[in-house]
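Analysis of the macromolecular model
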Amino acid sequence: MVTENQEPTCLIVGNYCHDVLIKDDDVIAESLGGAASFISQVLDGLAIPSRYVCKVGSDFSYSVNHEPIVIPSSKTTLFHAHFSSEIKRQDRILKRVRACDPISPSDLPLNSKFSFGLAVGVGGEILPETLEKMVRLCRLVFVDIQALIRVFDPIDGTVNLIDLKETEFFRLLPKIGVLKASAEEAIFIDIEEVRKWCCLVVTNGKDGCTVYWKDGELQIAPFPTVQVDPTGAGDSFLGGLVAGLVHGLSIPDAALLGNFFGSLTVGQIGLPKFDLRLLQRVKDEMEKRRQQYLGSLDVNDDGLDFVKPLDHEMFQTALAAAKLIISANAARDSEQLKHHHHCNGQHQQKLLVNNSVYEEPIKSAESRS
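Residues numbered from 1 in each chain as written. Predicted model: local features only at pLDDT ≥ 70, side-chain atom pairs only at ≥ 80, totals over all residues. Heavy atoms only, no water.

1. Some words on a nonpolar patch on the surface
A surface patch of nonpolar side chains, amounting to about 260 Å² of accessible area, comprises Val 226, Val 228 and Ile 269. Of note, Val 228 is situated in the loop between β16 (216–220) and α6 (233–246). A relative accessible area of 46% places Val 228 in the partly exposed class. (Patch = residues over 30% accessible without salt bridge, like charges linked within 9 Å, V, L, I, M, F, W, Y side chains within 5 Å. Areas by Shrake-Rupley, 256 points an atom, 1.4 Å probe, with all protein chains shown as cover. Salt bridge = Lys/Arg side-chain N within 4 Å of Asp/Glu carboxyl O. Helix = DSSP H or I, 4+ residues; strand = E, 2+ residues; numbered from the N terminus. Buried < 20%, exposed > 50% of the residue type's maximum accessible area, 1.4 Å probe, protein only.)

As structure tokens, this is what we get:
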């Protein structure tokens, strides 16, 4: 874990949320949400010291490693994620039921400096002026495009996307180091234009991700997994990407690490739990590569190295092997635990928490008529 006397390397800005997962109109799980919560699982697990600026309301229901700013007059941002058993183009329909206060520039540290900044709003809480201040505080700023292009239906809170050019954030592109977007979000930007100004990483689930920059592009391989819940996969990807860069990896290796953590996240419901043995193996692999390439990186003006190392595939193989071994051990431990519980007449706990934050979603005009 990160010790308190370490200087923060990363500044993460984005609110915590309450997430409710609903399948075929039945609530199947409730979880701590917000990109910051998923990213902290990765960065804390890999012992990367970070500062978090997150807002919640007085109803916030979870214990977190990084204390949020509590707004007594507000409630915590709440999302309902609607899933269906029917085959549809979308994985889910996401609705913002309510929103906490936005994060203002005055909420950020006054005089601190950070190597990396992550603007990771999910409910419209990142303001243009807040992002501008992050640029001043951080050597390199990463932005999840959902913080910039999400809009919310005023009636039922359904999340929609608008073109980046229609937002006040578009003018800040030249100041951003890395912009992350999913394949679905990428259609709301001009890839050829964006790559002239900053590095663009487009994630595409089972197909891995593509890294674009001014002079080229690279396809980075995925880690196959059975998808249980896509929530937070992109956030975990971004956490893995930044963690790799903190440890001195090149962009291709860091993006591979992002794919790795994204694959671990979609295999679990809600906020993922990463096996400590797996995290240690990842740290060992990163340290091995850092020592191997120390002083040999071919970086651009932003300090990013886009050259794929000759043993990039070996890194992929090592991560896949670690995932396979730990998964096998976890399955064995789970079977033993189930047997123990059965013998003692115990029952598994339900996914739903006792102090439920579920609320009926805002009804649309049609449903009220």
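Having seen it, we continue.
2. Points about the pairing of strand β7 (residues 77–83)
Burial within β7 is extensive, with 6 of its 7 residues counted as buried. Two strands pair when backbone bridges link them, and strand β2 (residues 17–23) and β7 are joined in this way by 7 bridges, in the parallel orientation. Bridging across to β7, Ile 22 finds its partner in His 82. When β7 meets strand β8 (residues 93–98), the two strands line up antiparallel, connected through 5 bridges. (Pairing = 2+ DSSP bridges.)

3. Details of the confidence of the model for the chain
Of the residues in the chain, 82% have a pLDDT of 70 or more, and the chain-wide mean is 85. Contacts from residues 336–369, a stretch scored under 50 in pLDDT, to residues over four places away or in other chains number 37 contacts. (pLDDT = per-residue confidence, 0-100. Contact = heavy atoms within 4.5 Å.)

4. A look at the sheet that holds strand β14 (residues 199–203)
Taking strand neighbours across the sheet as the criterion, the 8 strands line up as β4-β1-β9-β10-β13-β14-β15-β16 in an open arrangement whose pairing is mixed. If you trace the sheet from one side to the other, it starts and ends with β4 (50–53) and β16, each paired once. Averaged over all adjacent pairs, the angle separating strand axes in this sheet is 15°, with direction ignored. When β14 meets strand β15 (residues 209–213), the two strands line up antiparallel, connected through 4 bridges. Across the sheet, the residue bridging to Val 201 is Val 211, located in β15. Along the sheet, helix α1 (residues 35–45) makes contact with β1 (10–13), β4 and β9 (114–119), crossing β4 at roughly 170°. Of the strands in this sheet, β1, β9 and β10 (138–144) are in contact with helix α2 (residues 128–137), which crosses β10 at around 145°. (Axes fitted to C-alpha atoms, helices over the stretch in contact; angles between N-to-C directions.)

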